Amino acid sequence: MRIEIINTGSELLLGTTLNTHGAWMGLELLDLGMRVERQVTVPDGDAIISALEEAMGRSDAVIVTGGIGPTSDDISREAAAQVLGVDLIYDEAALRSLEAFFEALGKPMAEANKKQALNPVGADILPNPHGTAPGIYAPPRMSGDRLCALFLLPGPPSEMKPMFRAEVLPRLRSLGGVEGDYQMELLRFTGIGESDFHAQIDVELEKINDLEVGYCARPSEVDLRLIGSQSAISQGKEIALASFSEECFSIDGEDLEAVVVRLLTEQGKKLALAESCTGGRIASRVTDVSGSSAVFTHGFTTYADEAKISMLDIPSELLKSHGAVSEEVALAMAEGALIKSGADIAASVTGIAGPTGGTDDKPVGTVWIAIATTEKSFAVQRCYKRGRELFKQMTSQTALNLLRKSLS
Ligand code: AMP
Ligand code: MG
């Protein structure tokens, strides 16, 4: 079944509102084995008419979001009637439920809201228990030879989502039947790049029948997307993990920080952090995870030398002789954090985010990352010369990955 989404709203194109509907619907449909073929975004106003003409000409189902409110720029309803070649008439039941909605609020209904009860002749009204704008469903026969089902849904996510689940999904299922048994699984890797996959496993993955393979590269991360039957996915997974099991931190979409918190929780261990160049980014990521309060005790943000000395007991001679960005200081920071907090494991980072502050032997991007446990400590050096934001993201990713590996 070819499904197309049309998102209406000038705010989506101006960039003031993030268009989240497409992504959300894509996942909801995938759960049912259906795929979105195309997603189009149009501004408020007449653009919806040509978008509808085009989409209904090539698709089996078109889902429109937004533009069914009471204001003059909300014209999805009028556009649909025009494209279907039918009139709009007041739906008595919809009008009554609109009146009831306002009565419950204790407010009089504005005249403008009345147009929300207008319905293209022959179409079904989709009830909206969470707002004023009812949705509309025009079954395939209404579009003549095109045989395309049309749904109009409200823009506010709190109204669109329940209506999509209650009214759209069941109709799509019965229209198209649920296709195949295919599913999607997301494997997340860090410490390797897309080119490594290309060099080592792409050819083998391509040999698997009916497996769709996709990659998404992010800073210090590659996501491998496998879509297909459960058995095709299992084969793909096996091949990927045979080459990159150490680099794979998640086989179910879990975030790296969530993996670290989970491992700490499972092992009943406490974590402390000593951050210089990341300014608390790692602590922030850890505390994004629900349940982190049970395992994360201290986050020392020791940006200045004085802070490293007073908070972590780093000897000032060590800072003088090796510099703040050095293996020795990174190790001393992690060990200091461990002692000061009484935690079981600590990570530290110290580096040069840039763009200034680099030298010949310590260029911009240089960073030392150390891990300390009660048994041992070690440090690694990396260079991320990618601007401050990416530097912090990549450094925090590497530190979290070292924690993950130490705990695994
Ligand atoms: P509308 O029904 O077009 O008046 O939409 C009303 C509200 O829903 C506004 O706050 C919009 O920003 C929001 N909205 C509409 N479309 C989307 C979308 N595709 N993604 C996220 N929010 C949206
Ligand atoms: Mg709008």
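Please read all numbers here as calculations on a predicted model, not as lab measurements.

**Concerning the site of ligand 1**
Lining the immediate environment of ligand 1, one finds 13 residues, of which Glu11, Asn19, Thr20, Gly67 and Gly155 sit closest. Taking Asn19, its side chain carries an N or O atom lying 2.8 Å from a nitrogen atom of ligand 1. Here Gly67 contributes a backbone N or O atom positioned 3.0 Å from an oxygen atom of ligand 1. In isolation ligand 1 exposes 490 Å². Once the protein is present, 76% of that is buried. The site holding ligand 1 turns out to be the largest pocket.

**Some thoughts on the domain arrangement of the protein**
Domain annotation for the protein reports domain 1 (3-176), domain 2 (183-250) and domain 3 (257-407). Just the C-alpha atoms count here: the centres of domain 2 and domain 3 sit 30 Å apart. Contacts between the two partners involve eight residues from domain 2, matched on the other side by eight residues from domain 3. Per-residue buried area on domain 2 facing domain 3 is highest for Pro219, Ser220 and Phe249; these three make up 60% of the total on that side. Summed over the shared surface of domain 2 and domain 3, the result is one salt bridge. Lys405 is the partner of Glu246 in a salt bridge, and the nearest nitrogen-oxygen pair spans 3.6 Å. In this assembly, domain 2 and domain 3 are joined by three residue pairs in polar contact (both at pLDDT 80 or more). For the side of domain 2 that touches domain 3, the per-class residue count stands at three nonpolar, two polar and three charged.

**A short note on helix 9 (residues 230-244)**
Each α-helix winds once per 3.6 residues, and so residues spaced three or four apart point in a common direction. The end-to-end C-alpha separation of helix 9 is 21 Å, in line with the 21 Å expected for 15 residues at 1.5 Å each. Every buried residue of helix 9 is accounted for by Ala232, Ile233, Gly236, Lys237, Ile239, Ala240 and Phe244. When helix 9 is viewed along its axis, its buried side chains cluster within an angular range of 165 degrees and face the same direction. Opposite the packed face of helix 9, turned more than 90 degrees from it, sit the exposed residues Glu238 and Ala242.

**Things to note about the packing of helix 2 (residues 21-31) against helix 6 (residues 157-176)**
The geometry of helix 2 relative to helix 6 is characterised by a closest axis approach of 12 Å and an angle of 35 degrees between their N-to-C directions. For the pair helix 2 and helix 6, the sense of crossing is right-handed. Between helix 2 and helix 6, the residues in contact are His21, Trp24, Met25, Glu28 and Leu29 and Pro157, Met160, Lys161, Phe164, Arg165, Leu169 and Leu172, respectively. Across the contact of helix 2 with helix 6, the residue classes break down as eight nonpolar, one polar and three charged.

Parameters at a glance
Residues numbered from 1 in each chain as written. Chains lettered and ligands numbered in written order. Predicted model: local features only at pLDDT ≥ 70, side-chain atom pairs only at ≥ 80, totals over all residues. Heavy atoms only, no water. Near = heavy atom within 4 Å. Polar contact = N/O pair within 3.5 Å; in protein donor to acceptor, adjacent residues only side chain to side chain. Areas by Shrake-Rupley, 256 points an atom, 1.4 Å probe, with all protein chains shown as cover. 1 Å grid on protein atoms, 1.4 Å probe; cavity = no way out; pocket = protein on both sides within 12 Å on 5 of 7 lines; lining within 4 Å. Sits in = over half its atoms within 2 Å of the grid points. Domains from an automatic or database assignment. Contact = heavy atoms within 4.5 Å. Buried area = accessible area lost by both parts, 1.4 Å probe. Salt bridge = Lys/Arg side-chain N within 4 Å of Asp/Glu carboxyl O. Nonpolar A, V, L, I, M, F, W, Y, C, P; charged D, E, K, R; others polar. Helix = DSSP H or I, 4+ residues; strand = E, 2+ residues; numbered from the N terminus. Expected span 1.5 Å × (residues − 1). Buried < 20%, exposed > 50% of the residue type's maximum accessible area, 1.4 Å probe, protein only. Arc of directions from axis to C-beta. Axes fitted to C-alpha atoms, helices over the stretch in contact; angles between N-to-C directions. Left-handed = near helix turned anticlockwise from the far one by under 90°.

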